Amino acid sequence: MSLQNQEIAELLTQVAQLLEIDGANPFRIRAYRNAALAVENHPRSLADMVRAQEPLSQIPGVGNDLAEKIQEAVLTGRLALREELLQHLPAGLLQLLRLPGLGPKRVRTLYLELKISDLAKLRAAVMANRVQTLPGFGPKLQAQLLKALNEPALQSSRRLWAAVKTVVDELTTMLQGISSVAAVSAAGSFRRACETVGDLDLLAAAPKAAPVMDAFVHFEDVREIISQGETRATVVLRSGMQVDLRVVPRESYGAALQYFTGSQAHNVALRKLAQQKNLKINEYGVFRGAKRLAGAEEAEIYRVLGLACPSPELRENRGELEAARLKTLPRLVALNDIRGDLHAHTNATDGADSLTAMADGARARGYEYLAITDHSQRVTVAHGLNTARLAHQLDAIDRLNEKGSGLLLLKSMEVDILEDGSLDLPEAMLARLDLTVCSVHSKFNLSRTAQTERILRAMDNPYFSILGHPTGRLLNERPPYDVDMEKILPGARARGCFLEVNSHPARLDLTDIYCREAKNLGVKISIATDAHAVRDFAQMAYGLNQARRGWLEPEDVLNTYAWKDLKKILRRK
Ligand code: DGT
Ligand code: CA
Ligand code: CA
Ligand code: ZN
């Protein structure tokens with residue numbers, strides 16, 4: 001993983017902002033601000049410097065303490081301090097900071113005086129005229145905030161991949177309907193299957209751009225045209241999402257697709273590689289002098305550089321170019337490798353569909369097995385099952401399995417991990433299950449050490465199979481609870497436990513980085529939908545995205561195995 005300087009600076013800036021909202025010591029705040037500036041303006045990649053073990057403390061504005069933080073950001077992609085702050089400060093406060101006129105001081109006032117912690121609450125307070133009387137505010141600022149709250153730009157924060165998918169489908173269908181259009185694709189972070197997407201990048205191949213541009217800006221869902229050039233246009237949709245379209249001639253479509261898919265870090269590394277071979281690469285093709293060696297097909301771009309074509313999900317400059325050169329790219333797990341789903345709820349707890357409906361739904365997807373994992377008793381909001389109700393469900397599963405419909409229902413439960421690390425189900429019942437999904441649903445705010453120990457202690461239980469939604473985060477809503485994955489993963493490995501990529505589009509809480517770490521440690525992953533209705537089985541695609549970004553191959557994924565093999569893999573030593 002390789003954070004750009006700007007991304008490191010952004011993390012440091014957020015820490016400074018959160019500290020200020022928190023009312024921290026001004027010197028400490030200033031230290032983070034200065035470091036962010038220094039990092040942003042530093043001419044060399046700090047990630048490279050960390051890798052080369054060059055001291056960061058030489059950088060003006062970066063002392064020993066901050067050098068450590070930068071190193072942490074480079075090595076882990078995150079800052080524990082930022083996450084600690086977000087354990088007691090709502091993440092929505094960071095969104096407030098994006099409004100003109102709102103800095104950390106005023107956000108602190110809003111939060112302390114009116115408990116405003118996100119855009120919706122601010123809007124409500126503005127509408128109720130309660131903001132203008134706060135110290136440091138006033139009617140003029142309140143009016144300015146109202147205007148800003150209605151700006152489309154504000155709503156265009158990062159969107160879940162799943163939400164963007166719908167738009168991609170609509171827009172590509174529309175563009176493909178234009179007779180002169182030879183090819184259409186999404187590019188950018190969407191094509192790389194990132195969890196969230198900033199703006200959507202689309203690419204089309206056509207001999208003349210004008211008719212394509214015209215159809216695009218007149219698409220029914222367009223609310224505003226930001227810019228419209230001859231071959232490129234940017235619009236904002238009614239949802240607030242920004243979409244970029246570029247139209248290129250067919251002969252440079254492959255090069256443009258490669259270029260605009262990114263990531264930028266991948267492109268920079270690729271360009272360096274081309275330069276070493278005395279070739280030039282840009283969005284029009286690969287050139288030796290004036291001679292174009294490739295351009296029409298993306299795979300050709302890589303081929304003339306001596307590389308296999310890495311799947312877009314891998315293009316983050318995390319070793320994929322090396323693997324492409326050595327022809328050792330992973331054979332990424334795909335939907336047709338998936339033989340079942342290991343996390344699903346029924347209407348016995350908080351699901352919408354019955355046991356038989358869920359079984360039928362899984363069979364319709366061609367699955368061999370489905371684990372029924374309703375909640376345990378402690379999760380009262382979900383109407384968790386007590387021992388008697390679970391026993392009843394297990395009997396029902398036995399009866400359905402005896403009928404032999406071709407789908408095997410696995411007896412399981414999403415067992416709550418209690419605060420002391422014990423499991424919310426007596427041993428006699430645990431013993432009746434084929435596997436367990438064990439999850440944290442309470443006490444999210446334990447310290448990192450306590451949360452980590454809690455989970456490891458739960459894994460000590462010989463009936464623990466899979467850690468469900470391992471960090472509890474909800475993208476754009478709730479930060480992850482503080483847990484040390486660097487301990488959980490080896491801990492799981494040592495005990496013969498597994499982790500889940502929860503495919504809910506806002507969860508995906510085992511990140512690409514940790515998927516890869518799990519693979520490297522030999523910890524297999526369950527890609528599971530946590531379906532609460534038959535239609536949720538389709539969420540498997542989102543979990544697969546994450547797993548593929550984490551370099552997972554079929555053998556790394558529990559639910560690619562036939563049940564007779566999976567059963568052996570799940571058996572604890
Ligand atoms: P996003 O929109 O924040 O989710 O992330 P991306 O990756 O879609 O970024 P975006 O939309 O700014 O640009 C799309 C792609 O275009 C990016 O992944 C790589 C390429 N690209 C954009 N700007 C540059 C640049 O300055 N240098 C290079 N080498 N590539 C760039
Ligand atoms: Ca983009
Ligand atoms: Ca873009
Ligand atoms: Zn759960």
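Caption draft 1: Main features of the overall build of the chain. Looking only at helices and strands, one finds 25 helices and 18 strands in the chain. Its C-alpha radius of gyration of 26 Å places the chain within 12% of the 25 Å reference for a compact globule of 573 residues. A principal-axis box enclosing the C-alpha atoms of the chain has dimensions of 70 × 60 × 50 Å. When burial is assessed residue by residue, the chain has 55% of its 573 residues classed as buried. For the chain, contacts bridging at least 24 residues in sequence account for 67% of all contacts bridging at least 6. Put simply, the chain shows about 24900 Å² of open surface, and 50% of that area lies on carbon and sulfur atoms.

Caption draft 2: Representation of the environment of glutamate 68. Note that glutamate 68 resides in helix α4 (residues 64-76). Given a relative accessible area of 57%, glutamate 68 falls into the exposed group. Placed 13 residues apart in sequence, glutamate 68 and proline 55 show a C-alpha to C-alpha distance of 10.0 Å.

Caption draft 3: The arrangement of the sheet that holds strand β13 (residues 408-411) in detail. The parallel open sheet is built from 3 strands, whose spatial order is β11-β12-β13. Here the strands that pair on one side only, and so sit at the sheet edges, are β11 (340-341) and β13. The sheet contact formed by strand β12 (residues 369-372) and β13 spans 4 bridges and is parallel. In the sheet register, isoleucine 372 faces β13, and the bridge partner there is lysine 411. Of the strands in this sheet, β12 and β13 are in contact with helix α19 (residues 387-403), which crosses β13 at around 155°.

Caption draft 4: Up close: the sheet that holds strand β9 (residues 285-288). Across the sheet, 3 strands lie side by side as β8-β9-β10; this open sheet has antiparallel pairing. Single-partner strands in this sheet number two, and they are β8 (280-282) and β10 (291-294). Recorded for the sheet is a direction-independent mean angle of 35° between the axes of neighbouring strands. Sheet analysis places β9 next to β10, joined by 3 bridges and oriented antiparallel. Paired with arginine 288 across the strands is lysine 291, a residue of β10.

Caption draft 5: Highlighting the coordination of the calcium ion (ligand 3). Protein coordination at the calcium ion (ligand 3) comes from Asp199 (OD), Asp199 (OD), Asp201 (OD) and Asp244 (OD), with a distance range of 2.3 to 2.9 Å. Separation of the calcium ion (ligand 3) from the calcium ion (ligand 2) amounts to 3.7 Å, with aspartate 199 serving as a shared donor to the pair. Of this pair, aspartate 199 sits in the loop between β3 (196-197) and β4 (200-205) while aspartate 244 sits in strand β7 (residues 242-248), and the two are 45 residues apart along the sequence. We classify aspartate 244 as buried; its relative accessible area is 3%.

Caption draft 6: Region of interest: the coordination of the calcium ion (ligand 2). At 2.2 to 2.4 Å from the calcium ion (ligand 2) lie its protein donor atoms, namely Asp199 (O), Asp199 (OD) and Asp201 (OD). Each of the 6 donor atoms bound to the calcium ion (ligand 2) contributes to angles spanning 69 to 166°, and the resulting shape is irregular. Overall, the relative accessible area of 11% leaves aspartate 201 in the buried class.

Caption draft 7: Summary view of the packing of aromatic side chains. One pass over the structure, following the stated rule, counts 5 aromatic pairs. Ring geometry for tryptophan 161 and tyrosine 542: centres 6.0 Å apart, planes at 65°, overall edge-to-face. Of this pair, tryptophan 161 sits in helix α11 (residues 161-176) while tyrosine 542 sits in helix α24 (residues 540-549), placing them 381 residues apart in sequence. Classification of tryptophan 161 by relative accessible area gives buried; the value is 12%. Residue tyrosine 542 is classed as buried on the basis of its relative accessible area, which comes to 19%. With 6.3 Å between their ring centres and 55° between their planes, tyrosine 369 and tryptophan 563 make a pair best called tilted. Of this pair, tyrosine 369 sits in strand β12 while tryptophan 563 sits in helix α25 (residues 563-570), and the two are 194 residues apart along the sequence. We note that tyrosine 369, like tryptophan 563, is buried. An aromatic cluster is built from Trp161, Phe190 and Tyr542, whose rings are joined through pairwise contacts. Looking at arginine 106, its charged tip hangs above the ring of phenylalanine 137, at a distance of 5.8 Å from the centre.

Caption draft 8: A look at the site of ligand 1. Taken together, 16 residues lie near ligand 1, and Arg158, Ser189, Gly198, Asp199 and Arg271 sit nearest. Within the side chain of arginine 158, one N or O atom sits 2.8 Å away from an oxygen atom of ligand 1. The side chain of arginine 192 places a nitrogen or oxygen atom 2.9 Å from an oxygen atom of ligand 1. When ligand 1 sits alone it has 600 Å² of accessible area, and the protein chains cover 71% of it. Those elements that place two or more of their residues in the shell around ligand 1 are α12 (188-191), α14 (253-261) and α15 (264-276). Its residues placed into classes, the shell around ligand 1 shows 3 nonpolar, 8 polar and 5 charged.

Caption draft 9: Region of interest: helix α7 (residues 104-114). When we look at burial in α7, the residues that qualify are Pro104, Val107, Thr109, Leu110 and Leu114. Where α7 is buried, its residues contact α1 (5-21), α2 (26-41), α6 (92-96) and α8 (119-127). With its phi angle positive at about 55°, lysine 115 sits one or two positions after the end of α7.

Caption draft 10: Representation of the pairing of strand β6 (residues 232-237) in the model. Of all 6 residues in β6, 5 are buried; the element is thus mostly enclosed. Across 5 bridges, strand β5 (residues 222-228) lies against β6 in antiparallel orientation. The residue of β6 that forms the bridge with glutamate 224 is valine 236. Between β5 and β6, which pair antiparallel in sequence order, lie 3 residues.

Caption draft 11: Summary view of the packing of α8 against helix α9 (residues 139-149). With their axes 10 Å apart at the nearest point, α8 and α9 run at an angle of 135° to one another. Viewed along their axes, α8 and α9 adopt a mutual orientation that is oblique. Crossing of α8 against α9: the hand is left-handed. Within the contact between the two elements, α8 uses Leu119, Leu122, Arg123, Val126 and Met127 and α9 uses Gln142, Leu145, Leu146 and Leu149.

Caption draft 12: Geometry of the nonpolar core. Leu370, Leu409, Met459, Phe464, Ile488 and Leu499 are the most contacted members of the largest nonpolar core, which totals 58 residues. Examining the composition of this core, we find that 6 residues originate from one element, α19, more than from any other. The residues touching methionine 459, leaving out its near neighbours within four places in the chain, are Phe464, Leu467, Ile488, Gly491, Ala492, Arg495, Cys497, Leu499 and Arg572. The next biggest cluster of nonpolar side chains, apart from the first, holds 54 residues, and it includes Met49, Leu93, Leu97 and Leu110.

What counts and what doesn't
- Residues numbered from 1 in each chain as written.
- Chains lettered and ligands numbered in written order.
- Predicted model: local features only at pLDDT ≥ 70, side-chain atom pairs only at ≥ 80, totals over all residues.
- Heavy atoms only, no water.
- Helix = DSSP H or I, 4+ residues; strand = E, 2+ residues; numbered from the N terminus.
- Rg over C-alpha atoms; globule rule 2.2 N^0.38 Å.
- Buried < 20%, exposed > 50% of the residue type's maximum accessible area, 1.4 Å probe, protein only.
- Contact = heavy atoms within 4.5 Å.
- Areas by Shrake-Rupley, 256 points an atom, 1.4 Å probe, with all protein chains shown as cover.
- Pairing = 2+ DSSP bridges.
- Axes fitted to C-alpha atoms, helices over the stretch in contact; angles between N-to-C directions.
- Donors = N, O, S within 2.8 Å, 3.2 Å for Na, K, Ca; no water.
- Tetrahedral: all angles 85-135°; square planar, octahedral: opposite > 155°, others 65-115°.
- Phe/Tyr/Trp six-rings, centres within 6.5 Å; stacked < 30°, edge-to-face > 60°.
- Lys NZ or Arg CZ within 6 Å of the ring centre and 35° of its normal.
- Near = heavy atom within 4 Å.
- Polar contact = N/O pair within 3.5 Å; in protein donor to acceptor, adjacent residues only side chain to side chain.
- Nonpolar A, V, L, I, M, F, W, Y, C, P; charged D, E, K, R; others polar.
- Parallel < 35°, antiparallel > 145°, perpendicular 65-115°, else oblique.
- Left-handed = near helix turned anticlockwise from the far one by under 90°.
- Core = buried A, V, L, I, M, F, W, Y, C linked by side-chain atoms within 4.5 Å.

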